[in-house]
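Below are the chains, spelled out letter by letter.
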Amino acid sequence: MLDVWERESTDEVIARVQREGGDPRSQIQRAGVLTFSSSRLLPIDLAIRTWARRDEMVAERLRAVDNRRMALLRQMIGAFYADPEEIEARALLAFCMAIGVHFLAADHEQRTRGEVAQRAVDLLLDRAPRPAG
């Protein structure tokens, strides 16, 4: 089961992102959407994170997958930032947001979670806000 999860959520996501190309900012967003917005991959990823808290072998696999994902983020963010500390911080923030947004129960006043999450991605990637609509 872990092999299938790792292949689908890491190998296949990375291959698709590379195959579809685009600038690094769009690749980062595509990788996040493919991994953490899917009705199939997201629940599995979150369940494995829960399982990893109780099983060291699963925790090691999760760490390896997360390390691959962080390496990809560093590489892509490094395409538009040179400072290693900024690259690492932005990669961490992006990854934490991608996972954490699914656990947050807070409201966002007159905004939807999707609108706020999109603006957070824009800020992390130093991108102008997208028009509402």
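See the structure printed just above.
Residues numbered from 1 in each chain as written. Predicted model: local features only at pLDDT ≥ 70, side-chain atom pairs only at ≥ 80, totals over all residues. Heavy atoms only, no water.

Side note on the packing of aromatic side chains
Scanning all chains against the criterion turns up 2 aromatic pairs. With a centroid separation of 6.1 Å and 50 degrees between ring planes, the pair formed by Phe-36 and Phe-95 is classed as tilted. With a gap of 59 residues between them, Phe-36 in helix α2 (residues 24–36) and Phe-95 in helix α5 (residues 84–100) connect regions that are remote in the sequence. Take Phe-36 and Phe-95: they sit in the same class, and that class is buried. Across from the ring centre of Phe-80, 3.8 Å away, lies the NZ or CZ of Arg-25, which sits over that ring. (Phe/Tyr/Trp six-rings, centres within 6.5 Å; stacked < 30°, edge-to-face > 60°. Helix = DSSP H or I, 4+ residues; strand = E, 2+ residues; numbered from the N terminus. Buried < 20%, exposed > 50% of the residue type's maximum accessible area, 1.4 Å probe, protein only. Lys NZ or Arg CZ within 6 Å of the ring centre and 35° of its normal.)

Concerning the pattern of salt bridges
In total, this model carries 17 salt bridges according to the counting rule given. A salt bridge links Arg-68 to Glu-6; the nearest nitrogen and oxygen atoms lie 3.8 Å apart. Highlighted residues: Arg-68 in helix α4 (residues 56–77) and Glu-6 in helix α1 (residues 2–20), separated in sequence by 62 residues. You can call Arg-68 partly exposed: its relative accessible area is 32%. Using a relative accessible area of 17% as the deciding quantity, one classes Glu-6 as buried. Among the salt bridges present, the one from Arg-90 reaches Glu-86, with a minimum N-O distance of 2.8 Å. Here the residue Arg-90 and the residue Glu-86 both occupy positions in helix α5, the gap between them amounting to 4 residues, near one helical turn. (Salt bridge = Lys/Arg side-chain N within 4 Å of Asp/Glu carboxyl O.)

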